[in-house]
Structure formats: structure tokens, C-alpha cells
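Working through the structure, step by step
The chain contents come next:
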Amino acid sequence: MDTLWDTLIVDCRLATLTDNGNAYGAIERAAIGWKDGLITFAGAAHELPGPPESLARDVVSAGNAWITPGLVDCHTHLVFGGDRAEEFEQRLNGVGYEEIARAGGGINSTVTRTRAASAEALYAQSVPRARALVADGVTTIEIKSGYGLDLPNETKMLDVARRIGRDLGITVRTTFLGAHAVPAEFAGRQSAYVDEVCIHMLPAIAHAGLADAVDAFCEKIAFTPSETRRVFETARGLGLPVKLHADQLSDLDGAALAASFGALSADHIEHTTTPGVRAMAQAGTVAVLLPGAFHVLRETKLPPIALLREHRVPIAIATDLNPGTSPLVSMRLTMSLACTLFRLTPEEALRGATVNGARALGLDDRGRLAPGLRADLVVWDIAHPAELCYWLGGTFARSVYAGGEKVAG
């Protein structure tokens, strides 16, 4: 039996994000090795059990580069047809997000274009966005449906999302977001559309094994708390975890509703108040902050950062990559925005893009650098981990590994 590790990287510095008493869980003069996709060693080089050449088939010197866990983008709408650049221009000319949505724009305009695209065309439009994220250090991406709004097109979106993961060699977690908007054919019949989601679409998606979780958009312009509750009850009956677009534009107690179902995460939460934060803390629900949408929509109501810290609610961040409100294809820029707009520290932002992002997807096998975890990691050409948030743009990911296999760089 071959006991050699597959790869060992030496002459590096590790931001392990473990609780070792150092900022970033940092280890200077470090080494990291893996075998069969799992980390076998992550620590000080002098603690290696033998000379590097005796331990691994491939020994690589990183030249004192920093290595972090692979980034986790835990909230995206990456698969969609067309774009909504014209709505971006409208908003800059003073037209509000809700006004655009009520006039037939917004989500439903993307639904029209997504339905019109074949699976191949949808893949061709979407995979470059995923490649851009991977090149910037992302090794795990959550991709939601929600631009099909009928069973054939929701299925098409989820199939494309799964294919992207296979083809790029990364982890893609798929989320069914049938309760994203009411499609045109159900105009004026919102309750009937919720019936369609709960009675037909969601069971079919679950039985086909296409969804890892279920999401909904609980908002005045979308679905009511009672309608959301019905979707979540259906998901629970099918054994699927839930997450929620909660309290983005108003406080409908969405975060507390999500927490009452033990949701993996409550996302956006700009308008969430103390009871919602307390409910999230008690349920272990992760707060996913989406600074890209906050920036594009020029919002001013900040998420309750101080409350989240006070109640020790894990904070994750994500791109919210979507055509209407967050055309953002960089987790590093997301981290920077989280610092400048939401006042997260660079370490909080990095943890939000790794440890807590993984937790928001129900994944406990990644997000840190420690033996036994997945060998999802990034070698960065930086002098300090804070640079990942400091620089606006640029290329700093030298090599990106997912499950021990190089996927970029």
C-alpha cells in the first residue's frame, strides 16, 4: 500500500483559521500535505514526521506564499440567461427596485430569458462566471434555481449547475428556489403558484435528487411569511434543509421564521432586529451577508452586525451573484466590500468566506486547514492575509486546489 502523500507544499505560511491562538490561525514557516483529497498535515515545517522528499510524491516550494482554505461562495444565482444591465441604468436614473419588479422587470425578465435558453446555451453563458470565481480562489459554490419557475426549467437550471461542478472539478451545492417570484402565467394567482411549488415542483425536484436545500424569497414583493412557512414545511417533509432570503427590504420576521425551521442560513437580513438575531443564535442559523447587493442597490440600512457579534451568530459572506442586483464575480471583492460597507475586519471577512460559508451550506469538512479535512486550498501571492480584502481587483491566486486537484493556476 502506498503511504506517500500525493502532494506536500513547503516554504509557506498558513492561515489555517483554526483556533490556535493566533490571528487567522496563522502558522509561519509551515507545510501542508494531502493524500486522496484529504489534508494529512498542516502545521509547522519542523513538525513534519520526516524529510519532505520521504513523505510525498510531489514536493512543492511555495516561496513563503500564504495558503488559506478554498473560498466558499455560499449564496449565488450563477445560472441564468441574459443580463439586466438596462435595469442597472434605470436604477441610476432614480427608478426603484420594487418599481422595476412591479412593472414586469426584475426577476421575471430573467425568467423569460432563462426559459428561452437551451440547456447548452445556459451552460455556455453560466460557466464563465463559475470559472471567474474559481480563478479568484473559490472551491465551493452554492447555485440556486429560481429563474425557471416551472418544473422543466427549474430542472434545467439545476442540471446545468451540477454539470458546472463536475466540469470544473469543484463542489457545487444546488438549492431549489421555486419560491423566488410568481411567474407571468400565475399572475394574480400567487396562492395557486405556491400550490404548484409545494405539490408538484418541490417533490419532483427532491425525488430526482437535484437539490441539496430549499430557499424562498420572503418579502413584500415576493412571498408572505405564511406562504414561506408552507414551502418550508414541504421541504422538511421531504428531508431537505432550508435557507431564506430574509428581511432584505423590510422586517417580516424572516430571520426568526428561518430559525424556527433550523435553517442553515438567513441571508441579507438588513432589516432583522434583536428577536430575529436571538432566534438565529439559538437555532445555530448562519447569517449570510451580501454586500454586493447592498452596494448595487445603494442601500443604507446596515445588517445588525453588532447584534450578530453580541449573540455570537456565525457571519458568512457571499457574492449573491445574480443579473439584477449583484453582478459580482469575485469573492475577494465581496470580502473587501464586507469590510468597507459592513465594517467587518479582514479576519472576519476571510472566516465568512471559508469557515462560516461552509457552515451555511451544512458542510463541516472544509473551510479550515487541518488534518482530515478536504484539501481545498489556495496559494496566494500576498505578504499578509489582510491583502485579500485590501486590494480592489488584481490577480493573487497562484494555485487553487479542490479535493487535492489543481483547478486553477
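Residues numbered from 1 in each chain as written. Predicted model: local features only at pLDDT ≥ 70, side-chain atom pairs only at ≥ 80, totals over all residues. Heavy atoms only, no water.

Here's the deal with the overall build of the protein
Put simply, the rule reads: In this text, helices come from DSSP runs of H or I with a minimum length of four residues, and strands from runs of E with a minimum of two, each type numbered from the N-terminal end. The globule rule used here is 2.2 Å times the number of residues to the 0.38 power, and the radius of gyration it is set against is calculated over C-alpha atoms. A simple rule labels every residue: compare its accessible area, found with a 1.4 Å probe on the protein chains alone, to the largest value its type can have, and call it buried under 20%, exposed over 50%, or partly exposed in between.
In terms of regular secondary structure, the protein is built from 16 helices and 15 strands. At 21 Å, the protein has a C-alpha radius of gyration in line with the 22 Å of a compact globule built from 409 residues. Principal-axis analysis of the C-alpha atoms gives the protein an extent of 70 × 45 × 40 Å. Evaluated residue by residue, the protein yields a buried proportion of 59% over its 409 residues.

Things to note about the UniProt feature "binding site: Fe(3+)" (unreviewed entry) in the protein
Our working definition: UniProt positions are given in the numbering used here, feature names are shortened, and annotations may be inferred rather than shown by experiment. Distance and chemistry together define a polar contact, namely a pair of N or O atoms within 3.5 Å, with one atom able to donate a hydrogen and the other to accept it when in protein, and with adjacent residues in sequence counting only for side-chain atoms on both sides. In this description, contact between two residues means that some pair of their heavy atoms is separated by no more than 4.5 Å.
With numbering matched to this structure, UniProt assigns "binding site: Fe(3+)" (unreviewed entry) to His75, His77, His245 and Asp320. A maximum C-alpha distance of 12.2 Å is found for the annotated residues, which run over 246 residues; spatially they form one tight group. Owing to a relative accessible area of 0%, His75 belongs among the buried residues under this scheme. A polar side-chain atom of His75 sits 3.2 Å from a polar atom in the side chain of His77. Looking at the element boundaries, His245 is found in strand β9 (residues 243-246). With near-sequence residues (within four places) excluded, His245 lies in contact with His75, His77, Lys144, Leu177, Asp215, Ala216, Phe217, Cys218, Asp267 and His268. Among the polar contacts listed, one links the side chain of His245 to the side chain of His77, at a separation of 3.3 Å.

Some remarks on the sheet that holds strand β2 (residues 26-35)
In any sheet, the strands associate via hydrogen bonds between backbone groups, in a parallel or an antiparallel arrangement. What counts is decided by this rule: Any two strands with at least two DSSP bridges between them are considered paired. Only the stretch in contact is used when a helix axis is fitted, and all axes are lines through C-alpha atoms; the angle between N-to-C directions ranges over 0 to 180 degrees.
A sheet is described by the order of its strands in space; here 7 strands give the open sequence β3-β2-β1-β4-β13-β14-β15, paired in mixed fashion. Each edge of the open sheet is held by one strand with a lone partner, namely β3 (38-44) and β15 (405-408). For this sheet, the mean angle separating the axes of adjacent strands, direction not counted, is 30°. Examined bridge by bridge, strand β1 (residues 5-15) and β2 share 6 bridges and lie antiparallel to one another. Opposite Ala15, over in β2, you have Ala26 as the bridge partner.

A look at the nonpolar core
Let me state the cut-off plainly: We call a set of buried Ala, Val, Leu, Ile, Met, Phe, Trp, Tyr and Cys residues a nonpolar core when their side-chain atoms join them within 4.5 Å.
If you look at the biggest cluster of nonpolar residues, it comprises 96 residues, and the most contacted ones within it are Leu78, Val79, Ile164, Val231, Ile269, Ile317 and Met335. Of all the elements, helix α7 (residues 190-207) adds the most residues to this core, at 7 residues. Apart from the residues lying within four places of it in its own chain, the contact partners of Ile269 are Ala246, Asp247, Ala255, Met280, Ala287, Leu289, Pro303, Pro304 and Leu308. Grouped together as the second largest cluster of nonpolar side chains are 18 residues, Ile27, Ala30, Ala44 and Val379 included.

So, the environment of Gly148
Position of Gly148 relative to the elements: it lies in the loop between β6 (138-144) and α6 (151-168). Judged by its relative accessible area of 0%, Gly148 is buried. Along the backbone, Gly148 and Ala116 are 32 residues apart, and their C-alpha atoms lie at a distance of 9.7 Å. The contact partners of Gly148, leaving out residues within four places of it in the chain, are Val111, Arg115, Asn153, Glu154 and Met157.

Points about unusual backbone geometry
For Arg29, which is not glycine, the phi torsion reads 45° and is therefore positive. The residue Arg312 is not glycine, and still its phi comes out positive at about 60°. Looking at where Arg312 falls in the secondary structure, it is placed in the loop between α12 (305-310) and β12 (315-317). Relative accessible area serves as the criterion here: at 75%, Arg312 is assigned to the exposed category.

What about the pairing of β3?
Counting buried positions over the 7 residues of β3 gives 5, a clear majority of the element. Taken together, the 6 bridges between β2 and β3 define a ladder with antiparallel strand orientation. Looking at β3, one finds that Trp34 is bridged to Ile39. Connecting the antiparallel pair β2 and β3 is a turn made up of 2 residues, with Asp36 showing a positive phi of about 50°.

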